[in-house]
Amino acid sequence: MTEFTPWLSLFGGSLIGLAAVLLMAFHGRIAGMTGILSGLVPPFSTDWAWRAAFLAGAVGAPALIAGGTAYTIPFDSPTPSAWLVVGGLIVGVGVYFGSGCTSGHGVCGLARLSPRSVVATITFMTSTAITVFVIRHLIGGL
Amino acid sequence: MARVLSALVIGLIFGTGIALSGMANPAKVLNFFDFAGTWDPSLGFVMGGALIVTAIGYAFVLKRKAPVFDRLFHLPTRRDLDLPLVVGSAVFGIGWGITGFCPGGAIPALGLGHGDAWLFVGSMIGGIALARIARHTMATRLTTKAA
């Protein structure tokens, strides 16, 4: 069980949205983690500096909250290590060919009403739900 | 310098949002998709909040001629639906359902210092690199055949 956190999640989601709006306003870029990260996988894209800076901020923020405040960020990864490696590979291949993930398609793309993002988001949300159902209720866990 | 600093600050806002919303917590993400079991609807509020702010913000920002640090907005222009988009997204969902990690949630999770997030991200970057090599190989073969 995890605790239902509507207000905190709504607030966190709004910050994600704010970051997406600011990245467009200042850098003219979609705040999609797949796209930003892909430019940092060798061969590096020429505009790697802002990508690396964004990534450093994204990694640094939770570290700062954890180290500098009394708030504990809940974290629980129930998946066995071998499956994390398999799942990581699958996610990497999927988001590359699918041209985006939850942030790029699910937030920025949907906000622009991009037909490709609408289809991508419906597809991966459905596929994730089916996978969770199969693992938890048909197989009985990994 | 201002450009890089601005990206760092925006990254910090993004990472804070991900951390507070619960998106960096695989157990919570998996529970959102477990309608038949321990359902936690929180993720719907994350997506809802992010979407409303982005849609309203974009409407104002994209009326401007250009972003502050660039000559133009880099907006995807494709509107066609193709097989890689659909199959790739379906494949992504399988990995998301196995692990509870999506790229935007996993990167900030690195900052929490748990080995699980590092293992996932390392493997995911390997997946992106492999996919890129595969696409280039396919593209080269097609070009060679055509020639």
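Everything below is about the structure printed above this text.
Conventions adopted
Residues numbered from 1 in each chain as written. Chains lettered and ligands numbered in written order. Predicted model: local features only at pLDDT ≥ 70, side-chain atom pairs only at ≥ 80, totals over all residues. Helix = DSSP H or I, 4+ residues; strand = E, 2+ residues; numbered from the N terminus. Rg over C-alpha atoms; globule rule 2.2 N^0.38 Å. Buried ≥ 20, exposed ≤ 12 C-beta atoms within 10 Å, placed from the backbone. Contact = placed C-beta atoms within 7 Å. Axes fitted to C-alpha atoms, helices over the stretch in contact; angles between N-to-C directions. Parallel < 35°, antiparallel > 145°, perpendicular 65-115°, else oblique. Left-handed = near helix turned anticlockwise from the far one by under 90°. Nonpolar A, V, L, I, M, F, W, Y, C, P; charged D, E, K, R; others polar. Core = buried A, V, L, I, M, F, W, Y, C linked by C-beta atoms within 7 Å. Expected span 1.5 Å × (residues − 1).

**Things to note about the overall build of chain B**
Consideration 1: Scanning chain B from N- to C-terminus turns up six helices and zero strands.
Consideration 2: Scanning chain B from its N terminus toward the C terminus, one meets helices and strands in the order α-α-α-α-α-α.
Consideration 3: For chain B, the C-alpha radius of gyration of 19 Å lies well beyond 15 Å, the compact-globule estimate for 147 residues.
Consideration 4: Summarising its shape, the C-alpha atoms of chain B cover approximately 55 × 40 × 30 Å along the three principal directions.
Consideration 5: By the burial criterion, 50% of the 147 residues in chain B qualify as buried.
Consideration 6: Look at the contacts in chain B between residues 6 or more apart in sequence, and 44% of them connect residues 24 or more apart.

**Focus: the overall build of chain A**
Consideration 1: The secondary structure content of chain A amounts to six helices and zero strands.
Consideration 2: Projected onto the principal axes, the alpha-carbon positions of chain A cover approximately 45 × 40 × 30 Å.
Consideration 3: Per-residue burial for chain A yields a buried fraction of 57% across its 142 residues.
Consideration 4: If you take every contact in chain A between residues at least 6 apart in sequence, the share linking residues at least 24 apart comes to 41%.

**A look at the packing of helix α3 (residues 48–68) of chain A against helix α1 (residues 2–21) of chain B**
Consideration 1: Axis separation between α3(A) and α1(B) bottoms out at 6 Å; the angle between their running directions is 40°. Between α3(A) and α1(B), the angle is such that the two are oblique. The way α3(A) lies across α1(B) gives a crossing that is right-handed.
Consideration 2: A class-by-class count of the residues in the contact of α3(A) with α1(B) yields 19 nonpolar, five polar and one charged.

**Topic: the interface of chain B and chain A**
Consideration 1: With 104 residues of chain B at the interface, the matching set in chain A holds 100 residues.
Consideration 2: For the side of chain B that touches chain A, the secondary-structure elements that each account for two or more residues are α1, α2 (26–32), α3 (42–61), α4 (83–99), α5 (103–109) and α6 (115–146) of chain B.
Consideration 3: It is α1(B) that provides the largest number of residues to the side of chain B that touches chain A, a total of 18 residues.
Consideration 4: Per-class residue counts for the side of chain B that touches chain A are 64 nonpolar, 31 polar and nine charged.

**Quick notes on the nonpolar core**
Consideration 1: If you look at the biggest cluster of nonpolar residues, it comprises 85 residues, and the most contacted ones within it are A:A19, A:A20, A:L22 and B:A106.
Consideration 2: With 11 residues, the top contributor of residues to this core is helix α1 (residues 6–27) of chain A.
Consideration 3: Those residues in contact with B:A106, other than ones at most four positions away along the chain, are B:F101, B:A117, B:F120, B:V121 and B:M124.

**Digging into unusual backbone geometry**
All names here are of chain A.
Consideration 1: The omega torsion across P42 and P43 is 0°, close enough to zero to call that bond cis.
Consideration 2: Following the sequence through the fold, P43 ends up in the loop between α2 (33–38) and α3.
Consideration 3: The backbone phi angle of L113 is positive, close to 55°, even though this residue is not glycine.
Consideration 4: For L113, the position within the fold is in the loop between α5 (102–111) and α6 (115–139).
Consideration 5: The exposure class assigned to L113 is exposed, which follows from the 9 C-beta atoms found within 10 Å.

**Points about the packing of α6(A) against α4(B)**
Consideration 1: With their axes 7 Å apart at the nearest point, α6(A) and α4(B) run at an angle of 35° to one another. Every pair of crossing elements has a handedness; the one defined by α6(A) and α4(B) is right-handed. Touching A:R116, A:V119, A:A120, A:T123, A:F124, A:T126, A:S127, A:T128, A:T131, A:V132 and A:I135 of α6(A) are B:L85, B:V86, B:S89, B:A90, B:F92, B:G93, B:I94, B:W96, B:G97 and B:I98, all from α4(B).
Consideration 2: By residue class, the composition of the contact of α6(A) with α4(B) is 12 nonpolar, eight polar and one charged.

**Observations regarding α6(A)**
Consideration 1: The end-to-end C-alpha distance of α6(A), which contains 25 residues, comes to 35 Å, matching closely the 36 Å that a straight helix rising 1.5 Å per residue would cover.
Consideration 2: Turning to α6(A), its buried residues number three or more, namely A:R116, A:S117, A:A120, A:T121, A:T123, A:F124, A:S127, A:T128, A:T131 and A:V132.
Consideration 3: On the buried face of α6(A), the contacting elements are α5 of chain A together with α2 and α4 of chain B.
Consideration 4: Just past α6(A), the residue A:G140 takes up positive phi, approximately 85°.

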